[in-house]
Each structure stands twice: as structure tokens, then as C-alpha cells.
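Residue-level structure breakdown
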Amino acid sequence: MPLSISNQLLLPLLLLLPLLGGATAGRPPFACDPRDAASRNFPFCRSSVPIAARVVSDEARAMYNGGAAGLTFWSPNVNVLRDPRWGRGQETPGEDPLIVGKYAASYVRGLQGNDGERLKVAACCKHYTAYDLDNWNGIDRFHFDAKVSKQDLEDTFNVPFKACVLEGKVASVMCSYNQVNGIPTCADPSLLRGTIRGSWRLDGYIVSDCDSVGVFYDTQHYTTTPEEAAADAIKAGLDLDCGPFLAQHTEAAVQRKLLSELDVNNALANTVTVQMRLGMFDGEPSDQPYGHLGPQHVCTAEHQRLALEAAHQGIVLLKNLGTSLPLSPQRHRTIAVIGPNSDVTVAMIGNYAGVACGYTTPLQGVTRYAKTIHQKGCDVACVGDQLFARAEVAARHADATSDPRVSAIIWVGYPGQAGGAAIADVIFGSVNPGGKLPMTWYPQSYVAKLPMTRMDMRADPRTGYPGRTYRFYKGPVVYPFGHGLSYSKFSHTIAKAPMLVSVPLDGRHTATSSNTSSLSTDLAVRVTHTKCSGLFVSVHVDVKNTGQIDGSHTLLVFSNPPAGKWAPQRQLVAFEKIHVPAGSQQRVRVGIHVCKHLSVIDKNGIRRIPIGEHKLDIGDLSHSMSLEAATLGEIKA
């Protein structure tokens, strides 16, 4: 997988995920010039996620055809970023379940292709579920038992995996190392056979994280014998073991009648079926539909332009006092580039990637615009000040640098192979940044208030537990979820939005207030009791670029449901990215699915639509609309 585009660099792009169509005639397949009107209408200019995944699968097939790669890709990582202390947070699409779910489905579709049952490559959504602790205060992922409520499981942790299966049609799901409520995820029949394969109807296989079955036997001591562990995993719905455990102990489990041959055959059928869909039994790779892909399709100029454009879109401008940025090559001719990551290559793509076509480091990127003075300053841990003096000298001799009193900050996550070039393009204004933060940046005091092992998403005022993510945390932040500046200024005006929305029941159920709803509002209608098909709310928003520079803007629409004990304080319900030339205005239509996006999860894990006033927040605007049940009667819990 030579094209080095990591999930991380695409994080802010998740806020711009309309599906891609075909390329504009006569234009290179990945060209995107925001200064060109025709280019702005090209779908890639709105979202990189599906097309980046398509390119990865093109190169994967090309390498498979040459005998240099397989066809199973254990990607993407779609764990919701619950806690900022998780070291793998930058691998994920962030903290919002809607964002992560849409990213998951879109990326999977891009990888797997759209050729019916045939798979281009087999994607895998990981790590299912409630998994985001590696090692905290002596508790590691191999021993951790995540205590998760039905509400949080349905409302947060399982949302992306459900989207992977139902919307992305993913070929596989990976269960995690941890336990959930006392049961290893890879041995839990409710999570695997009941939910993934039952409720969501996975057409594919369930795979363990590497040696997970061995972990729940050897480390968690969940079963008495290895044969019992093998039997529990397979009967729960596990089809494939990453590791030797099932190969070593399944036969004995069958001999001891802990497991039937039919159970084993079913698991084999699920894995072999995916192999068949990949064409692995259809003769030589060159004879298959993707057999034309070869070395000439790897590291192409178009693919490398895609890496750069994706990095551009993923950069977030966090702070910019006055006119600190962009810099001018005419006025800032000597730049001090200081820091442990200022001249890195592999660090820009994380630790789950193939061999890149080539790298442009941040130092190399800046050098293309100005003379540079480079000092490391310290290593990443920065345990000493031995290198500070040289960095200070470099700063004094530069026209621009790093400084303790920083007036501008950009965040790039893992920007990929072209990350250094993209950073420099933004710093010097060749590209107007438009990315948005996919996670909340908390103050240091936040982590002192909650153990990493506590899984609750909602705040508990009785104990001082602050809650997690922008949906439930109400305290101070350094930078909020969705934050991201531009070199332009954008204003919003609601052109058209409904004041009243009727929620039709399905005819078999009626609605009235009920103590079982646990809401302070009168009504909360079960989604399963509602006629959801086609139940959309359309909001039309005029977005004006009041600045002097053309720019892309991501419109974020949040809903504030009627107040209640288990409703989030606000939640993202829709988003759309548009390109707006300086001084002009664009009208955006945003569709909000009532059942999916205006509903909330009650404490029993049941999705309901609160009847009453919902407030939509769009930038600095607010719009209230009332939801009413089409027929009033008695609601059945």
C-alpha cells in the first residue's frame, strides 16, 4: 500500500462526506483547484475519503497481481475517541459517533468497490467494541473489563460498527481484546452472533484481534481449558483467529464435544465466502476484473497529488491572532523551523501503513518557500533542555519561528507522505485551511476528574464526574469539537427551515406521555413505532464568504434535543462542505433524517424521538422547531 494516506489526515474531512460521482470530463481524475469553477464542482473537492480508499484499493490490487500483497485490509479503525489519553486516538475519525459512522461506511465502500457481490479488497472495521485503553495506571487492554451501559453501547460505542455493516457492507469486523461487562468480546454471543450477524446481518466474517482468544484464556482466565476457549469463541460467532490458538485447540474441542463440526463448517463458510467474493478461486489474478492493475498504477502522479490534496483538507488552523498567518515569502525570507517532528518522515503516517512513494518533511516543505534555519530543540519526550540554546539562536536570526508566545497554531494529525508540503502550503497561504477538529481539546485539569477506566459518557453531578466528548461534557475546553479557522470569514443566514415537523406513527402504536420515557418532556416515540422512510427535515442555509480569499467551509448543524435525563446536551446531525469564492454567497441544503439524527437513546438502549422543541445550531445561528406525533394516544414502552 505505497500511497501513504492515513486515517488521521482525513479526520477533518469526515465533516465533508457526500458520496463521490464520476470525474469531470477532460480533467485529471484527482485534480482539485479551488480557484477553478469547474474543479469546485468535482466531487473530490468536497471529500477525499471514498476516493482515497479507492486509490488504496487500486494500488492494493496492483500489488496483489504482482504477488506483493494480500487482499484483506484490517482497516479502518473506527473506535469512538472517548478519552484523550488513548495513544491511538489519531488513528480514529474522532469523538462523534455520527462522524465516525459516516467515515466508516464511506471508507469501506471506497476500499471494497461497487461491483455487486464482488470485492475489490476486503475491509475490516475494528476494534469491536468499547475499546480504547492500552495501558493506564497498570491496567492494560488484555485485562480490562469495560463496564458499559446498554445506553452508551447503543448511543456511542456500537454506532460506527453498525454503520460499517449496514451502510458500508463491510466484509469483516474485528473483535477486541477487552471484556465488556465481564465477557470477552470475542466470546460474547450477544455481541457477535446476536448483534453483528443477527441484527445487522453481516455478510462476511468476524475476526479476532491478534491472539485475542489466547488472551482471554491465558491472561483473563475466562475458561478453564483451551478447548473451552476455542469452543466459546466459535459458538459466539468468531470465524477467524488472528493467531495460532484456534488452529491448535479446535480439533480437541470437537473431540471433547464442546463444539460441533457444523459450528466449524459455518465459520469456514463465512471466511471462504469472502475469499470467493475476492476472486481468489477464479484463476490467475491477471484473468480477473482487476487484473489490468499493475506497477504502472502504483505511486502515479495523480495518486501523489491526491496525497497532497488530502493533507491540505485535513489541516486545522487552531489559532491565528491578527495576520500572523499566512506568511509572506517576500517579507519572511528566513524561517526558523524548530521541533522534534520538524524533519520527520515515517512519523507523519503513523505505524499502520505501507511503504510511501516518497516523503516531504515539514522542513523540506518550508524550504520550498524560504531559507530555513533548522534545530531539533529537544526530542519528543523533551526530558532535558540541552538543545534549547541552539534553537534560541536560530529563532533570533529568523524572520519567523516557533515561539513560547505563539500567535498561530495549526494541527495536522498524521498528514501522510505529502504532509510537509501541505503544512508549508498552508503556512504561506497557497492553500486556505478549512479543516475542523474531530475531537475536544480539554484542559489538563480534565483528566484529574475521571479515571480512564470509567466508560460512562454522561456526566454525573453527584460524584463530580464531568462526562465525555462535546455531547455530554459542559466544562471549559482549550478548543471545542468542530473548531477550525480559515484565512476567510464566513457568515450564515437561514433561508428556509420548518417550524413544525409531524412524526407519523406506523399505525400499530399510539403515543402519550409515559413515566417509562425518563424524559422531562411529555413524549418520546420509539423509532420502531414510527414511519421513518422519507422522514427528512430540509434546512436551507446561505453561506457568505466575507473575507478577501476564496475558501472552503464546512457547515456543521447541531441539534439540542428537549432537555432530559439521558438526552445529550447537543449532537451533530448534519454537515456539508462547500467552496465559496471571496465576496460571494452559496446556498446549501442540508437534509436531516428525523429518525436517525433527531432521536436519542434511553437508558434501556432503545432509540426514541423526543416530541417537543428541538433547537438547531448552525454557526452562530439558532433555529427552533417543534416535533409532534401525528396521532396522540398512549405510547407503549
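Keep in mind that this is a model prediction, so the values were computed, not measured. Throughout, a residue's number is its position along its own chain's written sequence, starting from 1. Only residues with pLDDT of at least 70 are given local features in this predicted model, and only at 80 or more are side-chain atom pairs given and counted; all residues enter the totals for whole chains, interfaces and linings. The side-chain figures draw on all heavy atoms in the structure; neither hydrogens nor water molecules are used.

**Observations concerning the pattern of salt bridges**
Any two side chains of opposite charge can pair if their charged atoms end up close together. Put simply, the test is: A pair is scored as a salt bridge if a Lys or Arg side-chain nitrogen falls within 4 Å of a carboxyl oxygen belonging to Asp or Glu. We call a residue buried when its accessible area falls under 20% of the maximum for its residue type, exposed when it is over 50%, and partly exposed in between, using a 1.4 Å probe and counting protein chains only. For helices the rule is a DSSP run of H or I covering at least 4 residues; for strands it is a run of E covering at least 2, with both sets numbered from the N terminus onward.
The tally for this structure, following the rule as stated, stands at 23 salt bridges. Of the charged contacts in the structure, one is a salt bridge between Arg118 and Asp115, with a shortest N-O distance of 3.7 Å. Looking at Arg118, the relative accessible area reads 24%, which means it is partly exposed. Among the ionic pairs, Arg256 bridges to Glu227, the shortest N-O distance being 3.2 Å. Pair noted here: Arg256 is in the loop between helix H9 (245-255) and helix H10 (261-277) and Glu227 is in helix H8 (residues 226-236), with a separation of 29 residues, a long-range link. Looking at Glu227, the relative accessible area reads 16%, which means it is buried. Taken together, the shared-partner salt bridges connect Asp152, Asp155, Arg458 and Arg471 into one network.

**Section: the sheet that holds strand E20 (residues 585-593)**
We count it as follows: For two strands to be treated as a pair, DSSP must find no fewer than two bridges joining them. Axis definition: a line fitted to C-alpha atoms, over the contacting stretch in the case of helices. Angles run 0 to 180 degrees between N-to-C directions.
Pairing in this open sheet of three strands is antiparallel, and the strands run E14-E17-E20 from one edge to the other. Edge positions in the sheet fall to strand E14 (490-496) and E20, since each of these pairs with one other strand and no more. If you compare each strand with its neighbour and ignore which way they point, the axes differ by 30° on average. In this structure, strand E17 (residues 536-545) lies alongside E20, joined through nine bridges in antiparallel fashion. Note on E20: the bridge partner recorded for Lys544 is Gln585.

**Topic: the environment of Asp617**
To be explicit about the condition: Two residues qualify as a contact provided that any one of their heavy atoms is within 4.5 Å of a heavy atom in the partner residue. Whenever a nitrogen or oxygen atom comes within 3.5 Å of another N or O atom, the pair is scored as a polar contact, on the condition that within protein one atom can donate a hydrogen and the other can accept it, and that pairs from neighbouring residues in sequence are kept only if both atoms are in side chains.
Looking at the secondary structure, you find Asp617 in strand E22 (residues 607-618). Remark: the alpha-carbon pair of Asp617 and Arg570, spanning 47 residues in sequence, is separated by 8.9 Å. The residues touching Asp617, leaving out its near neighbours within four places in the chain, are Leu556, Val557, Phe558, Asn560, Arg570 and Ser622. Engagement of the side chain of Asp617 in a polar contact is seen with the side chain of Asn560, the distance being 2.7 Å. Here Ser622 takes part through its side chain, which lies 3.5 Å from a polar atom of the side chain of Asp617.

**Quick look at the packing of aromatic side chains**
The geometry of an aromatic ring pair is captured by the separation of the ring centres together with the interplanar angle, meaning the angle of the planes. What counts is decided by this rule: Two aromatic rings from Phe, Tyr or Trp, using only the six-membered ring of Trp, form a pair when their centres are within 6.5 Å; if the ring planes differ by under 30 degrees the pair is stacked, by over 60 it is edge-to-face, and anything between is tilted.
Scanning the entire structure with this criterion turns up 16 aromatic pairs. Taking the centre distance of 5.7 Å and the plane angle of 70° together, the rings of Trp441 and Tyr479 count as edge-to-face. Linking Trp441 in the loop between helix H14 (419-427) and helix H15 (469-472) with Tyr479 in the loop between H15 and E14, this pair joins segments that are 38 residues apart in sequence. Taking the relative accessible area as the measure of exposure, Trp441 reaches 27% and is therefore partly exposed.

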